[in-house]
Amino acid sequence: MTISQLHEHFMLCRAPSSGARTYAKPPQPARKSYKLFSVQGHASLKPALTLTISSRPLPPMSRTDNDEEAFRNTMTGLPHRSSSTQAHASSQRIPPANPSASILLISPTNRILLLHRVRTSTSFASAHVFPGGHLAIQDGYLPPRSDIRRHEDSEAYRRAAIRECFEESGLLLARRQDKPSELVELSMQEREGGRIAVHSESILFADWVQTKRGTIDVDGLVPFTRWLTPANIPKRFSTQMYLYFLPIDSELSSQTDKTQMHIPTPDGGVEHTAAQFLYPQEWLDLSLSGDIVLYPPQFFLLHLIAAYLKPSPSSKDDVPTSELQSQREKLLHFVRTDGDPPWGEKCISPNPIKKIENGKYLIMGMADVGPELEGTHRRGDAERVLKVALTDDIERGRKRPSPQEVLWRKDMLHEEDGSKL
């Protein structure tokens, strides 16, 4: 019997929604009996069991979505769920959250890299985003979807973040094997040739880095929140965010060949049309003026780090090296110690809380963790909310949210002009 025939037979055997089997009076079935023998002792074989097989025809019956799921679970070895759980799942139908990783890449002068996505992109079209993307098989093992560890920081996420950063911006975060304190240096020709080879999968990223006598710098990444797309969005992601600090080197400004290491370039329009380092507050100002598009995760994280990475108030030129280092240390202290849990362990799934100013703005909470992690030890940010305006721009049938500002939750929820959703 083929799988399709087995599927049809299984569906016909299932009852309507009650789960009980009901049959019309069938014609008398043909029966065949077989005797099964025990072989213990080998001296004599005695019948141990008589098995009767009936060829009773089964009448057609109605089929439900739960039946489909039960069949798939049976064929793949997954456990059956109770009828109440099945009904809940059937009503939810939550799209899976695809694993991805992104990097808040910090330049030697403490500016942040954002990439301008192409208009034809299937996600975050025309927006400015951090470098990053989907995990691939070459990045390493991930637990199955049913395992909550799938949504935790791991080497697979780190390798994917660094690989995607190289493909999208040309910046290689890899240490020299002969001198681990330094990053691998590439000529422009090596860099662009490597991007094409890795993106086309003509060579694995780790193997290509080996040819440059480098080691992927997974230890240089600092976890900085995970984001789970809300359940009502058709295309969902489970994105691990990281910080990465390019080394501060006061001598780089006078060495043209080495500065090429820190000049990002777009990928020729495959996914991005521009790549640029700016201070976090500069990116926020461009978003608020309508010059660029930032989505809630980018706006929220840029807001958090803008208090630490900024121009020197005492100098109109570049920030002194000592001050650059001090800014980095303060930011790392914030990421590793602020809140419960700290930012490196927070998981955020933005959810609408209420409308304000006659429905002009929407307040989004940052405390939810997403359906995959509900009931676990994971938590988001219960202290802050994001105020967004719903623009007239439509993406995938929905109005695109335009973040306006990050507010303290305790202050926002006490305002009387808000209406709960």
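You'll find the protein entered in an unreviewed UniProt entry as Nudix hydrolase domain-containing protein, with Stereocaulon virgatum given as the organism.

Even after reading the chapter, I still don't get the overall build of the protein, so can you show me in this structure?
When its secondary structure is counted, the protein shows eleven helices and 17 strands. Classification of the 421 residues of the protein by burial places 43% in the buried group. Long-range contacts, defined here as pairs at least 24 residues apart, represent 64% of the contacts in the protein between residues at least 6 apart.

Can you walk me through the packing of helix α8 (residues 280-288) against helix α9 (residues 296-306) in this structure?
Helix packing geometry: the angle between the two helix axes and the distance between the axes. Running from N to C, α8 and α9 point in directions that differ by 140°, and their axes come no closer than 8 Å. One element, α8, and the other, α9, form an angle in the oblique class. The handedness of the crossing between α8 and α9 comes out as left-handed. When α8 is examined against α9, the residues Pro-280, Gln-281, Trp-283, Leu-284, Ser-287 and Leu-288 are found in contact with a partner set consisting of Phe-299, Leu-302, His-303, Ile-305 and Ala-306.

Sorry if this is basic, but what is going on with the environment of Leu-246 here?
The residue Leu-246 is located in the loop between β10 (236-245) and α7 (256-259) in this model. According to the relative accessible area criterion, Leu-246 is buried, its value standing at 2%.

Where do I start with the packing of aromatic side chains in this structure?
Working definition: an aromatic ring pair is given by the centre-to-centre distance plus the angle between the planes. In the structure shown here, the tally under the stated rule is seven aromatic pairs. Pairwise contacts between aromatic rings join Phe-224, Trp-227, Phe-300, Tyr-308, Phe-334 and Trp-343 into one cluster. For the cation-ring pair, Lys-346 lies above Trp-343, with the distance from its terminal atom to the ring centre recorded as 4.4 Å. One Lys or Arg, Lys-387, reaches over the ring of Tyr-361 and ends 4.3 Å from the middle of that ring.

How should I be thinking about helix α10 (residues 321-337) in this particular structure?
Note that an α-helix has 3.6 residues per turn; residues three or four places apart therefore point the same way. With 17 residues, α10 extends 24 Å between its outermost C-alpha atoms, agreeing within 8% with the 24 Å of an ideal straight helix rising 1.5 Å per residue. Along α10, the positions that sit buried rather than exposed are Leu-324, Gln-327, Arg-328, Leu-331, Leu-332, Phe-334 and Val-335. Viewed end-on, α10 has its buried residues packed into an arc of 160°, placing them on one side of the element. Turned more than 90 degrees from where α10 packs its buried face, Ser-322, Lys-330, His-333 and Arg-336 sit exposed. Within two residues after α10, Gly-339 carries a phi angle of roughly 85°, on the positive side.

Whenever I open this one, the pairing of strand β13 (residues 351-356) confuses me. Can you help?
Every regular strand shows the same layout, with side chains that alternate between the two sheet faces. Pairing analysis gives five bridges linking β13 to strand β14 (residues 361-366), with the strands arranged antiparallel. Across the sheet, the residue bridging to Pro-352 is Met-364, located in β14. Linking two consecutive strands that pair antiparallel, namely β13 and β14, is a turn of four residues; a positive phi of about 55° is found at Glu-357 within it.

Sorry, what's going on with the confidence of the model for the protein here?
Atom-level detail of predicted coordinates should not be read off regions where pLDDT is low. When pLDDT is averaged along the protein, the result is 79; 67% of the residues meet or exceed 70. Confidence drops under pLDDT 50 across residues 50-91; counting only partners more than four residues distant or on other chains, this segment forms 70 contacts. Scored below 50 in pLDDT, residues 416-421 shows 15 contacts in the model against residues more than four places distant or in partner chains.

Would you take a moment to explain the side chain of Arg-328 for this structure?
Tracing the backbone through its elements, the reader meets Arg-328 in helix α10. Buried charge without a salt bridge: Arg-328, with Glu-329 as the nearest opposite-charge side chain at an N-O distance of 9.4 Å. From its side chain, Arg-328 meets the backbone oxygen of Ser-107 in a polar contact 2.8 Å long. Not counting residues up to four positions away in its chain, the partners in contact with Arg-328 are Ile-106, Ser-107, Pro-108, Asn-110, Phe-245, Leu-246, Pro-247 and Ile-248.

Conventions and cut-offs
Residues numbered from 1 in each chain as written. Predicted model: local features only at pLDDT ≥ 70, side-chain atom pairs only at ≥ 80, totals over all residues. Heavy atoms only, no water. Helix = DSSP H or I, 4+ residues; strand = E, 2+ residues; numbered from the N terminus. Buried < 20%, exposed > 50% of the residue type's maximum accessible area, 1.4 Å probe, protein only. Contact = heavy atoms within 4.5 Å. Axes fitted to C-alpha atoms, helices over the stretch in contact; angles between N-to-C directions. Parallel < 35°, antiparallel > 145°, perpendicular 65-115°, else oblique. Left-handed = near helix turned anticlockwise from the far one by under 90°. Phe/Tyr/Trp six-rings, centres within 6.5 Å; stacked < 30°, edge-to-face > 60°. Lys NZ or Arg CZ within 6 Å of the ring centre and 35° of its normal. Expected span 1.5 Å × (residues − 1). Arc of directions from axis to C-beta. Pairing = 2+ DSSP bridges. pLDDT = per-residue confidence, 0-100. Lys, Arg positive; Asp, Glu negative; His and termini not counted. Salt bridge = Lys/Arg side-chain N within 4 Å of Asp/Glu carboxyl O. Polar contact = N/O pair within 3.5 Å; in protein donor to acceptor, adjacent residues only side chain to side chain.

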